[in-house]
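Tertiary structure, described
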Amino acid sequence: MMGAWSNNDRPATGNGRFEDADRRGIVPTGDGDDGRLARALPKALIVCAIGGALSATSTSVLAPALVAYGLALSAACGGMRGLVPGAALVAAAAAAVSIPLGMASLASAVITGLSGLVVAGAFWAGRLTTGGSILAVAAISAAHLGADAVFSALNGTTLSATMMSLIDAYKQAFLEASPAAAVQIESVASLIELFWPVTYVAVGFAEGASAHVGLRLAKAPLGERGRQVPSLDAYDVPLWVVAFLVATAAALAVALTVPAAPQALLVVSANMAMTLRFAFAVQGLAVLAWLMRSKGMGPLPKVLLGALALYLEVQFVVLTVAGVFDVWANFRHLGRGGSDEENPANQGKEPVQAG
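Report follows, based on the coordinates. Only a predicted model underlies this, so the values are computations on that prediction, with no experimental measurement involved.

**A short note on a nonpolar patch on the surface**
Taken together, the side chains of Leu135, Trp240 and Phe244 define a hydrophobic patch exposed on the protein surface, amounting to about 310 Å² of accessible area. Locating Leu135 in the fold gives a position in helix 6 (residues 130-154).

**Looking at unusual backbone geometry**
The residue Val317 is not glycine, and still its phi comes out positive at about 60°. Tracing the backbone through its elements, the reader meets Val317 in the loop between helix 12 (299-316) and helix 13 (318-329). Given the relative accessible area of 29%, Val317 is considered partly exposed. In the Ramachandran plot, His333 falls in the positive-phi region, its phi being about 55° despite a non-glycine side chain. Within the fold, His333 resides in the loop between helix 13 and helix 14 (344-347). Classification of His333 as exposed rests on a relative accessible area of 68%.

**Quick look at the nonpolar core**
One recurring pattern in soluble globular proteins is that nonpolar side chains are buried together. Core analysis: the biggest nonpolar cluster contains 28 residues, and Phe123, Leu215 and Leu222 have the highest contact counts within it. Contributing elements (two or more residues each) for this core: helix 2 (32-54), helix 3 (63-78), helix 4 (83-98), helix 5 (103-124) and helix 8 (182-217). In terms of residue count, helix 3 provides more of this core than any other element does, nine residues in total. Judged by nonpolar contacts, the second largest core, of eleven residues, contains Tyr235, Val241, Phe280 and Val327.

**Here we look at the pattern of salt bridges**
What the rule picks out here adds up to eight salt bridges. Here Asp233 and Arg293 are joined by a salt bridge, their closest N and O atoms 3.1 Å apart. Taken as a pair, Asp233 in the loop between helix 9 (219-222) and helix 10 (239-257) and Arg293 in helix 11 (residues 263-294) lie far apart in primary sequence, 60 residues in all. When its relative accessible area of 10% is taken as the criterion, Asp233 is described as buried. Of the charged contacts, one joins Arg332 and Asp326 as a salt bridge, the two residues approaching to 2.8 Å between their closest N and O atoms. What emerges from the salt-bridge pattern is a single network uniting Asp236, Asp326, Arg332 and Arg336.

**A few points about the layout of surface pockets**
Here the largest pocket defines a volume of roughly 1400 Å³. Around the largest pocket, the lining is made up of 45 residues, and of these Val137, Phe205, Phe278, Ala279 and Val282 lie nearest the centre. Elements supplying a minimum of two residues to the lining of the largest pocket: helix 6, helix 8, helix 10, helix 11 and helix 12. The greatest single-element share of the lining of the largest pocket, amounting to eleven residues, is contributed by helix 11. Of the volumes computed, that of the second largest pocket is approximately 310 Å³. As for the second largest pocket, its lining consists of 13 residues, of which Asp148, Leu159, Met163, Thr199 and Tyr200 are closest to the centre.

**What to know about the environment of Ala139**
For Ala139, the position within the fold is in helix 6. Classification of Ala139 by relative accessible area gives partly exposed; the value is 39%. Separated by 65 residues in sequence, Ala139 and Gly204 have C-alpha atoms that sit 7.9 Å apart.

Scoring rules and cut-offs
Each residue is numbered by its place in its chain's sequence as written, counting from 1. Reporting of local features is limited, given that this is a predicted model, to residues whose pLDDT is at least 70; pairs of side-chain atoms are given and counted only at 80 or more, and all residues count toward the totals for whole chains, interfaces and linings. Working from all heavy atoms in the structure, the side-chain values ignore hydrogens and water. Within this analysis, patches are made of residues with over 30% relative accessible area and no salt bridge. Like charges are joined at 9 Å or less; nonpolar side chains (Val, Leu, Ile, Met, Phe, Trp, Tyr) at 5 Å or less. We get accessible surface area from the Shrake-Rupley algorithm with a probe of 1.4 Å; when it comes to residues, only the shown protein chains can shield them. Take a side-chain nitrogen of Lys or Arg and a carboxyl oxygen of Asp or Glu: if they are within 4 Å of each other, that pair is a salt bridge. Numbering of helices and strands starts at the N terminus; helices are DSSP runs of H or I of at least 4 residues and strands are runs of E of at least 2. Remark: exposure states derive from per-residue accessible area (1.4 Å probe, protein chains only) relative to the maximum for the residue type, with buried under 20%, exposed over 50%, and partly exposed in between. Here, nonpolar core means buried Ala, Val, Leu, Ile, Met, Phe, Trp, Tyr and Cys residues that are tied together by side-chain atoms lying within 4.5 Å of each other. Only protein atoms enter the 1 Å grid used here, on which a cavity is any set of points holding a 1.4 Å probe that cannot leave and a pocket is any open set flanked by protein within 12 Å on both sides along at least five of seven lines; residues with an atom within 4 Å of a point are listed as lining. Grid points are joined across faces, edges and corners, and a volume is the space filled by probe spheres set on the points.

This is how it looks when you write it as structure tokens:
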């Protein structure tokens, strides 16, 4: 579990004295962690700028990792206020690279870059619990969807109409290229027309996961000064996510079995079910990570087994099923239902155990 910080969450200096990072700003150079982090600050800001620039490229998924890494180091030097210069550099670099591509690309690039800020800020505030991570992904996804909805409205249409037009254009192109596969193309197009909102969740999930990787990479340079990074094998969905799953299953059952049920109920419940799949797939992956660690597996077997698990998830939803079942089976023997200290991951009130 994330270590309890004394003195109102102010980190200790290298000589054992506490400094008010929010009041004093960047710590001075010197011996110990303080001097090392202060000397690393310029590199952290450069990394933030690079991450912002990458957010407007085809490698944008790397941007949140770089931004989260740089901002974690900045916060270690200047507290929560230390996030401000790095975030400004991220936004400026993203805007500079994406302005020639149009306003829609600019908004998307800035959101992608600042997704690292969402995760790094929650991490440094001590709110990056399992529930906090899920809410961070939801916020990133909503920001992307909201930006696209705004630009669709400015063009005199809706986001749904824009997506339907785009899907139809791709469908016609595929039909012209492969007339013999018309039935399959129509089936795939129908599924995409139903599940297109989930693409925003997938983007938010990828960017949130990338930011978590950046925090993991920042663990070594942060040293004793930083908060501990949540471990995958301690991931445990909070109870409110389970409640959403039960409600979604009930709504989906009504939408599929009651002829008079509105189409909107099917769309919302189906997309919510696919959204929750991400949360429970990670739960299944957490069970696998715990199992591999308990068996003392080496790096290569872990990579191979992890790749196999991801393949089986895509093909047969194996990780999601395992994650849902773990809610009740509790394979890892987590201390659910106890005090906050015993059950940080499940309750979402304290940071999860660092690995």
